[in-house]
Structures are given as structure tokens and as C-alpha cells.
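# Structure at a glance
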Amino acid sequence: MIVRDARPTDAAAIARIHVETWGTAYRGIVPDAFLASLSVEARAARWSRILTEPEGHELVRVAEDEAGDLVGFASAGPERTGELGYEGELYALYVRAEHQRRGVGRALTLSVVEGLAEAGLRSMLLWVLAENPARGFYEAIGGTPVATREIEIEGAVLDEIAYGWEDTTELATHLRGADQ
Ligand SMILES: CC(C)(COP(=O)(O)OP(=O)(O)OC[C@H]1O[C@@H](n2cnc3c(N)ncnc32)[C@H](O)[C@@H]1OP(=O)(O)O)[C@@H](O)C(=O)NCCC(=O)NCCS
């Protein structure tokens, strides 16, 4: 498995992973109507715009298996609220269901943490639905709960938790160690 920068030609594969993984990971957590409304074509168009005309320090990394197929992706950039005291934010992290628990999430997180540091962003947070088992991943890599908020999806009010890392140098060392 390798992790590399995403290219505009990856947009459709990223969109497929995005929509498929939402479908498997969020069923029973977010309303079915929302999951049914997700369209690979619409997502692909959005990813194509993001990858063709990247804004600011936003970065997108993909994990590719030996056959050259994408098995996961991550995107990150400046923290979006500007109110929580963190410089960087992990916007999205998705690994295809059949490739989870093999270190792909760790490798993608390390890659975006390195990319954020290169852009001078040395602390990081992310938002995750409170009911999402992915919280176990963020806790395993040393995230601390730092904030909560409510979001509304199709009329359902859901809790989100932010996990933060004040010093991503430590996080990178931890993730590199786990790689070996
Ligand atoms: C969360 C996610 C990105 C983790 O990626 P991954 O490749 O499966 O994670 P890794 O194999 O690198 O896991 C590293 C460690 O994190 C912990 N971990 C990972 N997933 C976990 C889970 N669901 N529950 C508890 N702990 C978990 C484990 O300690 C794991 O080490 P181990 O397998 O040796 O026990 C992946 O499960 C995913 O895409 N989930 C669905 C989409 C999603 O919810 N994304 C997050 C949106 S905020």
C-alpha cells in the first residue's frame, strides 16, 4: 500500500469510497433518507473541483493498494471555526470497509499530519459523530475530546465530538512508531 497526493483523475474513485463508506459506517446513525440521497456523480463533481482548483492549504491524500486501486482517502486543511485554538483540521478520513483495521487509517492520518506541518499547521482537530465507532480509532491514536456540538441531518439532531492534538509532532511520532 502506498499513500500519495490525490490527482484530479482520482475524483470518481474518491467519491465512490466516500458514498459507499457513509452507507456502511453511518447506517443506523444518520437517517436512511440522507444516505439514500447521496450520489456518487454529485460527489465526484465536487471532488473534481477540489482537486482541480485546490484552495489555500487544503490537501487530499489517497491510499492505493498493490493493484493500483484506491482503498481510502483523507483530506485536511486549516481549522474551519477559527474559535477552538487549533490550526489544522482533518476534514475527512474514509477507508473502504474491507480494508479497515490494516493500518490504512493510520498511514493516511500520518500523511495529512505531515502535509499540515509542511504548511505550518502544527495542531489539529476533527469532528466525529458521537455514535460513530471511528471514535475508537481517534482515541487509539491519542486524540483528546475538546468540544461538542449538534448538527442536523434530514431533521435528526446528532451530537458531534471534536478530538484534538495540540502538538502533531507527537502524533506523527506515535503514528510512525505504529507503522514499524
Ligand atoms: C475510522 C477509520 C478511518 C480507521 O481506519 P482503519 O484503517 O480501519 O484504522 P487502522 O487499521 O489504521 O487502526 C489503527 C488502530 O485504531 C483503532 N481502531 C480502528 N478502528 C477502530 C474501531 N472501529 N473501533 C475501535 N478502535 C478502532 C485500533 O486500535 C487500531 O489498531 P488495531 O487494528 O491494531 O487494533 C475507518 O474505520 C473508517 O473509514 N471508518 C468508516 C468511516 C468513518 O467513520 N470515518 C471517520 C469519519 S469522522
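Structure: above.
Residues numbered from 1 in each chain as written. Predicted model: local features only at pLDDT ≥ 70, side-chain atom pairs only at ≥ 80, totals over all residues. Heavy atoms only, no water.

To continue, consider the site of the ligand. Taken together, 22 residues lie around the ligand, and Val95, Arg101, Gly103, Gly105 and Asn132 are the ones closest in. Between an oxygen atom of the ligand and a main-chain N or O atom of valine 95, the distance comes to 2.8 Å. Contact distances for the ligand include 2.8 Å between an oxygen atom and a backbone N or O atom of arginine 101. Alone, the ligand offers 910 Å² of accessible surface; in the complex the protein occludes 78% of this. (Near = heavy atom within 4 Å. Polar contact = N/O pair within 3.5 Å; in protein donor to acceptor, adjacent residues only side chain to side chain. Areas by Shrake-Rupley, 256 points an atom, 1.4 Å probe, with all protein chains shown as cover.)

This brings us to the side chain of asparagine 132. Relative to the elements of secondary structure, asparagine 132 occurs in the loop between strand E5 (124-129) and helix H5 (135-140). When neighbours within four sequence positions are excluded, asparagine 132 is seen to be in contact with Tyr26 and Ile29. (Helix = DSSP H or I, 4+ residues; strand = E, 2+ residues; numbered from the N terminus. Contact = heavy atoms within 4.5 Å.)

It is the contact of helix H1 (residues 11-25) with helix H3 (residues 40-52), at a shortest axis distance of 8 Å, that shows an interaxial angle of 130°. By the angle class used here, H1 and H3 are oblique. The two elements H1 and H3 meet at a crossing, and its hand is right-handed. In this structure, H1 uses Ala11, Ala12, Ile14, Ala15, Arg16, His18 and Val19 to contact H3, whose residues at the interface are Val40, Arg43, Ala44, Trp47, Ser48 and Leu51. Split by residue class, the contact of H1 with H3 holds nine nonpolar, two polar and two charged. (Axes fitted to C-alpha atoms, helices over the stretch in contact; angles between N-to-C directions. Parallel < 35°, antiparallel > 145°, perpendicular 65-115°, else oblique. Left-handed = near helix turned anticlockwise from the far one by under 90°. Nonpolar A, V, L, I, M, F, W, Y, C, P; charged D, E, K, R; others polar.)

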